[in-house]
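Spelled out, the chains give:
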Amino acid sequence: RLLVGVPGYWVITNTSDNIDEGKAFLNWMVSSEFGKNHIVKEFKFIPAFTNITFEAEDLGDIASGILEFTKDNKTLGWYRTRLPSGYESDVAASIQKYLAKQINREQMLEEFDTHMANLNK
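Residues numbered from 1 in each chain as written. Predicted model: local features only at pLDDT ≥ 70, side-chain atom pairs only at ≥ 80, totals over all residues. Heavy atoms only, no water.

**Student:** Before we go on, may I ask you to explain the packing of aromatic side chains in this structure?
**Tutor:** Aromatic ring pairs are reported here in terms of the distance separating the ring centres and the angle at which the planes meet. Inspection of every chain in the model, using the stated rule, returns 5 aromatic pairs. With centroids separated by 6.0 Å and ring planes inclined at 35 degrees, the aromatic side chains of Phe25 and Trp28 adopt a geometry described as tilted. Placement of the pair is Phe25 and Trp28 together in helix H1 (residues 19-31), with a separation of 3 residues, close to one helical turn. For Phe25, a relative accessible area of 44% translates into the label partly exposed. Accessibility expressed as a relative area gives 37% for Trp28, which makes it partly exposed. Between Phe43 and Phe45, the aromatic rings sit 5.7 Å apart at their centres with planes inclined by 50 degrees, giving tilted as the arrangement. Looking at Phe43, the relative accessible area reads 36%, which means it is partly exposed. Through pairs of rings, three or more aromatic residues link up here, namely Trp10, Phe43 and Phe45. (Phe/Tyr/Trp six-rings, centres within 6.5 Å; stacked < 30°, edge-to-face > 60°. Helix = DSSP H or I, 4+ residues; strand = E, 2+ residues; numbered from the N terminus. Buried < 20%, exposed > 50% of the residue type's maximum accessible area, 1.4 Å probe, protein only.)

Written out as structure tokens, the structure reads:
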């Protein structure tokens, strides 16, 4: 299986002084021929919008391969962004200890469980 997801950095912060302009730009990127062409042929993104048509060869080798994995139901989504705040850094610390051979695999997994239990309190 292959982990895949959509780019998460196309956002407009709610503290921006240019929210309307940001929304207009993002809408233009997915509705204008120029923007749609760039998403597929320049950025090599698999479009998340049904109004953007493309040929697999427009995407390049990597995205075309991902598209095949997706069609064959061999992909999984990125779910780490749905984890509670703090969990990722705690898990990273446990992984570092494992890689440094300070703990074994079972201890690392136990630490993962402990981190989650602590966050759910």
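**Student:** Can you help me understand the side chain of Asp58 in this one?
**Tutor:** Structurally, Asp58 can be placed in helix H3 (residues 56-59). Although Asp58 lies buried, it forms no salt bridge, and the closest oppositely charged side chain, Lys41, sits 4.4 Å away as judged by the N-O distance. In this structure Asp58 touches Val40, Lys41 and Lys44, once residues within four positions along its chain are discounted. (Lys, Arg positive; Asp, Glu negative; His and termini not counted. Salt bridge = Lys/Arg side-chain N within 4 Å of Asp/Glu carboxyl O. Contact = heavy atoms within 4.5 Å.)

**Student:** Is there a simple way to think about helix H2 (residues 33-42) in this case?
**Tutor:** Count 3.6 residues to each turn of an α-helix, and residues three or four apart come out pointing the same way. Three or more residues of H2 are buried, namely Gly35, Lys36, Ile39 and Val40. Seen along its axis, H2 keeps its buried residues to an arc of 120 degrees; they face one direction. Across from the buried face of H2, at angles greater than 90 degrees, the exposed residues are Glu33 and Glu42. Contact partners of the buried residues in H2: H1 and H3. Directly after H2, the chain includes Lys44, whose backbone phi takes a positive value near 65 degrees. (Arc of directions from axis to C-beta.)

**Student:** I tried to follow the side chain of Ser94 on my own but got confused; where do I start?
**Tutor:** Secondary-structure assignment places Ser94 in helix H5 (residues 87-99). Using a relative accessible area of 1% as the deciding quantity, one classes Ser94 as buried. Setting aside residues up to four positions removed in sequence, Ser94 forms contacts with Ile103, Met108, Glu111, Phe112 and His115.

**Student:** Help me out: how do you make sense of the environment of Ser16 in this one?
**Tutor:** On the secondary structure map, Ser16 appears in the loop between strand E1 (2-4) and H1. Among the polar contacts listed, one links the side chain of Ser16 to the backbone nitrogen of Asn18, at a separation of 2.8 Å. (Polar contact = N/O pair within 3.5 Å; in protein donor to acceptor, adjacent residues only side chain to side chain.)

**Student:** So what exactly am I meant to see when it comes to the nonpolar core here?
**Tutor:** Nonpolar side chains tend toward joint burial in soluble globular proteins. Counting 8 residues, the largest nonpolar core consists of Met29, Val30, Ile39, Val40, Ile52, Leu59, Ala63 and Leu67. Setting aside anything within four residues of it in sequence, one finds Val40 in contact with Phe45, Pro47, Ile52, Phe54, Asp58 and Leu59. Counting 5 residues, the second largest nonpolar core, distinct from the first, contains Val91, Ile103, Met108 and Phe112. (Core = buried A, V, L, I, M, F, W, Y, C linked by side-chain atoms within 4.5 Å.)

**Student:** Just to check I follow, could you spell out the pattern of salt bridges for this structure?
**Tutor:** Oppositely charged side chains are able to pair whenever their charged atoms sit close together. In total, this model carries 2 salt bridges according to the counting rule given. Here Glu111 and Lys97 are joined by a salt bridge, their closest N and O atoms 2.8 Å apart. Highlighted residues: Glu111 in helix H6 (residues 105-119) and Lys97 in helix H5, separated in sequence by 14 residues. Since its relative accessible area comes to 30%, Lys97 is described here as partly exposed.

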